Each structure stands twice: as C-alpha cells, then as structure tokens.
Amino acid sequence: MSRKFTSFWLLLVPDLFILYLGLFAAVKIKYPSGLSPEIFYSHLQAFSIIFILWLVVFFSHGLFEVESLRRYAGLFFNLLSAMVVNFLIAVSFFYFQPGLILTPRRFLILQMALAFILLLSWHLLAKVILKNRLLQGLYLFSFNNELSELEREVVAQSYLGFKVLGHLNAEALSKVKFASGDGIVLPDNLQSSPDTLAKFYQLRTLGVSFYNHKDFYEGLLRRVYLSQINEIWFLENIDYREKRVYNLVKRLVDLLFGLIGFLIFIITLPVLAALIKFTSKGPVFFVQERVGLHGRLFKVFKYRTMNTGTPTNTWTSVNDPRITRFGRFLRQARLDELPQFVNLIMGNMSLVGPRPEQRHIVGELKRVVPFYDERHLVKPGITGWAQLNVYAGTVEETKIKLQYDLYYIKHRSLLFDLEVIIKTVYYIFTWRGR
C-alpha cells in the first residue's frame, strides 16, 4: 500500500467523521431541547450532500495529502481557504432549500466554526501521528556549491520533513537503492546522457520524486533563489498587470486598519509622547523621506526611538547603541510604528508590503544588489513578509530580505496578507519585535 494512499484515507475518513460531529454539536448547542426525528433526519440528509461537496473542496486544496501537514501556517490558511469556499457552497445550497428551518445564518456559522476548530485540531494531531511519513529522503544530483547552500537550508529546516541522504552523479545513480517516496533534487541546467535520463524515468515509475532545485528552494524557504534569477525570471513569474480587485480590497482593508490604528495612536499619544520626552531629549516624532511605490518619495512618520545628535541615515543594527532604553521597548512592541497609520490613511503605505528604505540607501543597494528596485512594484508596508523573517543591517542580509520581498510580490494575495498580519500580531505578543 503506497504512502500517499494510506495518508489519503487516514486524513479523509476522520475529516468526514469530524464534519458530522460538528453538525451534531451545533444542533445540541443551538437547539438544546432537541429536534423531532423527522426534522433532524431531513437536515442530516441535506448536510450529507453538503459534506460530500466539502470533501471535494478539501481534496482540491490538497488537504488529504501528507505534504499539506508540513507547515503550520500552510495548514491553517489552506484549511481556512477551503472553509470559505465551503461556506459559499452551503449558502448557495440552502438558498434552494427554503423548507429547512436550519437556514444558513447563525446555525451554519456555528456549525462551520466548530468544524474548523475540530478539523484544525485533528490535522495538527495528524502532523504528529504521521511525523515519520512526513520525512522524505533527498538526494542531490550533480552536487556543487549552489546545492551546498540548499543542503545547509534543508538541514536547518529539518522540521519540515526533509533529510539529505547523499549526493549523486551519473556514475553513482545506478549504485543507490532508492525507496518509494525518495526525492532527487536536480540542478537547473541539467546536462545528462540518454542513459541517465532513462534511469531517471525508471525511478519515476518506482515512486521517486524529482525537484528542480530553484523551485524546491523557494517552496522550502518561501523566498526566491536570488543568485539564479534574471530578466526572464521576472517576465515568467511576476504579474506586472494591475490587480484591480485585489488592490481595491487591499485599499479598503488598509483604510479600515488605518482608522482603527489611528484611533489607537490618538488615544495612546499623550502617554507615549510624555514618556519619550521624559526619558530622552528631542522631538516626539521622527519624520524621514523614504522610497515608495514605483520609486516615488514620501515622508514616513514614526515615534523617535534614538538619541538626538546621532546619525539616523544609516542602517539600524539589532543592538544599536543609538536606540534609547524606552525606544527599545517601543521597537519591540512595534509601538514606534503607530504614527505610520497616518501614512496608511494617506495611501503612500499599505498594511502589508516591503519595508520602505531611505533614498540614499536605495541608491547604494541598487548598485550592488541585482534587481533591488523590483521591490518597489508594490506599496511599502508597515509590516511585511521580509520583516517577519530577517532584520537587514548589511548588504548580505539585504539580499536575503530581497528574496523574501520578491517571494511576497510573486505570491501576493489577500490570504497571504492575512497570514502576514496574523504572524505580526503573534510576534508582537511574543515580544519578537525589533
């Protein structure tokens, strides 16, 4: 019995059971006095049809594949996306069933909330149960310096379920005994003999998976492989057309969060301003020119977190001595960025996007970091995918940061923005801000 077949049924059957469990729990909570058998079974029949459709949606989202369990964030947002689709299916179904008393209002929301919690809990438990099945052995073909970087990252990200078993070349390929489920990472410019390609094809039929190393790198680390991209990569991977619906919804979300954030900013302003003035000399606010969308300049507003009289036009390090004691608290709690909600309302910043940099720093980085200017294809953000993953204080760290920025630009969506927002809130409450 194959690994995928076993994992498929280990996830599908409990999911179906959980959907019915959520239904019974919702009925018990919403109708504590109970329903007549006739009414209950009529609704049981209706929901059975819905659950079949929901399972199809789960299947299309890859939730029955063991690979869906590798990342906690991926699992959460993949399930959330599927449940949004399922909600629309259920509402549409009930629209044509006017005779049912369990109309798609509070009851459906209650049932789906219970189902989501139970399904998420089960899939997290399945991640532990299927831990050994998540572990996939990898071989690196034509090992070189590029793949050595990939190997280091695979070892560092071992919790994602990959293990390097060895390095391969054309001669060693026939000497290794591969198991079903193993993977081989191939270089981008693979040059192989017909005999090697025939061996690859044979291994494919035995259940061995093959990965392009750039695609594998991007999927594993969720950042692009910067050293190998060129102009063709941008033409093939970046959508330069205006995403009107996405941009409109994103702008509405920015305005909503901007108004909420501005209200918090106004309420906390007297206290924070007094503490800034009391703990260090200088102005309350820090205003600086930054580079925004399409290279346009704008002024960003922040609370001052550094001592006056020190240069502020250079990169900030993690333990920068220029930062005041109270300024360090403001940075860790992300409170120094509260004035940026003014930028959010004005429209020169978004809630999620690349971090805006100073004009002269951008000029320097454009000369030494390939394609650095491409990060200005979208609005800069108060928070962002790169900000959550790396703190750039050097050119080399900036290159890594650009890898995350380009990954965000390539995959940007409302669901991805939601992931960044949730992780930002998590980082704030776990004191991981800088």
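Residues numbered from 1 in each chain as written. Predicted model: local features only at pLDDT ≥ 70, side-chain atom pairs only at ≥ 80, totals over all residues. Heavy atoms only, no water.

Draft legend 1. Layout of the overall build of the chain. Looking only at helices and strands, one finds 16 helices and eight strands in the chain. A fraction of 77% describes how many contacts in the chain between residues 6 or more apart in sequence connect residues 24 or more apart. For the chain, the exposed surface amounts to about 23000 Å²; the carbon and sulfur share of it is 63%. (Helix = DSSP H or I, 4+ residues; strand = E, 2+ residues; numbered from the N terminus. Contact = heavy atoms within 4.5 Å. Areas by Shrake-Rupley, 256 points an atom, 1.4 Å probe, with all protein chains shown as cover.)

Draft legend 2. Representation of the sheet that holds strand S2 (residues 162-168). Here we have four strands laid out as an open sheet, ordered S2-S1-S3-S4, and parallel in their pairing. Each of the sheet's edge strands pairs with one partner strand only, and the pair in question is S2 and strand S4 (209-212). With strand direction ignored, the average angle separating the axes of adjacent strands in the sheet is 30°. Where strand S3 (residues 183-186) meets S4, four bridges bridge the pair, whose relative direction is parallel. Each residue of the ladder has a partner; that of Ile 184, found in S4, is Phe 210. Against the sheet, helix H7 (residues 194-205) contacts strand S1 (136-141), S3 and S4, and its axis sits at roughly 125° relative to S4. Of the strands in this sheet, S1, S2, S3 and S4 touch helix H8 (residues 213-221), which is tilted by about 90° from S4. (Pairing = 2+ DSSP bridges. Axes fitted to C-alpha atoms, helices over the stretch in contact; angles between N-to-C directions.)

Draft legend 3. The packing of helix H2 (residues 37-60) against helix H4 (residues 106-129), seen in detail. Closest axis-to-axis distance for the H2/H4 pair is 14 Å, and the angle between their directions is 45°. In terms of their interaxial angle, H2 and H4 are classed as oblique. H4 is crossed by H2, and the crossing has right-handed handedness. Residues Phe 47, Phe 51, Trp 54 and Phe 58 of H2 touch H4, and the partners they reach there are Phe 107, Leu 108, Gln 111, Met 112 and Leu 119. In terms of residue class, the contact of H2 with H4 is made up of eight nonpolar, one polar and no charged. (Parallel < 35°, antiparallel > 145°, perpendicular 65-115°, else oblique. Left-handed = near helix turned anticlockwise from the far one by under 90°. Nonpolar A, V, L, I, M, F, W, Y, C, P; charged D, E, K, R; others polar.)

Draft legend 4. Expanded view of helix H11 (residues 325-332). The set of residues buried in H11 consists of Phe 326, Gly 327, Leu 330 and Arg 331. End-on view of H11: buried residues confined to an arc of 145°, all on one side of the axis. The positive-phi residue at the C-terminal boundary of H11 is Arg 334, with phi of around 60°. (Buried < 20%, exposed > 50% of the residue type's maximum accessible area, 1.4 Å probe, protein only. Arc of directions from axis to C-beta.)

Draft legend 5. Looking closely at the pairing of S3. Here S3 shows a buried face lined by Gly 183 and Val 185 and a second buried face lined by Ile 184 and Leu 186. Sheet topology places S1 next to S3; three bridges connect them, and they run parallel. Paired with Leu 140 across the bridge in S3 is Val 185.

Draft legend 6. Spotlight on the pattern of salt bridges. Within the structure shown, the criterion is met by eleven salt bridges. For Glu 357, the salt bridge goes to Lys 401, with nearest N and O atoms at 3.9 Å. Of the two residues, Glu 357 sits in the loop between strand S7 (350-352) and helix H13 (359-368) while Lys 401 sits in helix H15 (residues 395-411), which places them 44 residues apart along the sequence. Assessed through its relative accessible area of 7%, Glu 357 is described here as buried. Between Asp 405 and Arg 375 there is a salt bridge, with its nearest N and O atoms 3.1 Å apart. (Salt bridge = Lys/Arg side-chain N within 4 Å of Asp/Glu carboxyl O.)

Draft legend 7. Focus on the environment of Leu 351. With respect to the element layout, Leu 351 can be found in strand S7. Assessed through its relative accessible area of 8%, Leu 351 is described here as buried.

Draft legend 8. Looking closely at the packing of aromatic side chains. One pass over the full model with this rule turns up 25 aromatic pairs. Their ring planes at 75° and their centres at 5.2 Å tell us that Phe 141 and Phe 200 sit as a pair that is edge-to-face. Pair noted here: Phe 141 is in strand S1 and Phe 200 is in helix H7, with a separation of 59 residues, a long-range link. Phe 200 carries the same exposure label as Phe 141, and that label is buried. (Phe/Tyr/Trp six-rings, centres within 6.5 Å; stacked < 30°, edge-to-face > 60°.)

Draft legend 9. Geometry of the nonpolar core. With 45 residues, the main nonpolar core has Tyr 303, Trp 385, Leu 406 and Tyr 408 as its most contacted residues. No other element matches H15, which puts six residues into this core. In this structure, Tyr 408 is in contact with Tyr 246, Lys 250, Val 352, Gly 353, Trp 385, Phe 416 and Asp 417, ignoring residues within four places of it in sequence. (Core = buried A, V, L, I, M, F, W, Y, C linked by side-chain atoms within 4.5 Å.)

Draft legend 10. Layout of H8. Among the nine residues of H8, seven are classified as buried, and the element is accordingly described as predominantly covered. Of the residues making up H8, those classed as buried are His 213, Lys 214, Phe 216, Tyr 217, Glu 218, Leu 220 and Leu 221. Structurally, the start of H8 carries an N-cap: the backbone nitrogen of Lys 214 is 2.9 Å from a side-chain oxygen of Asn 212. (Polar contact = N/O pair within 3.5 Å; in protein donor to acceptor, adjacent residues only side chain to side chain.)

Draft legend 11. Geometry of unusual backbone geometry. With a phi close to 55°, Arg 222 is a non-glycine residue in the positive phi region. Structurally, the position occupied by Arg 222 is in the loop between H8 and helix H9 (231-237). Of note, Arg 334 is a non-glycine position whose phi angle comes to about 60°, a positive value. Here Arg 334 is to be found in the loop between H11 and helix H12 (340-346). Owing to a relative accessible area of 15%, Arg 334 belongs among the buried residues under this scheme.

Draft legend 12. Here's a closer look at the packing of H8 against H15. Contact geometry of H8 with H15 gives a least axis separation of 12 Å together with a crossing angle of 95°. Judged by the angle between their axes, H8 and H15 are roughly perpendicular. Along its contact with H8, which presents Tyr 217, Glu 218 and Leu 221, the element H15 presents Gln 403, Tyr 404, Tyr 407, Lys 410 and His 411. Considering only residue class, the contact of H8 with H15 consists of four nonpolar, two polar and two charged.

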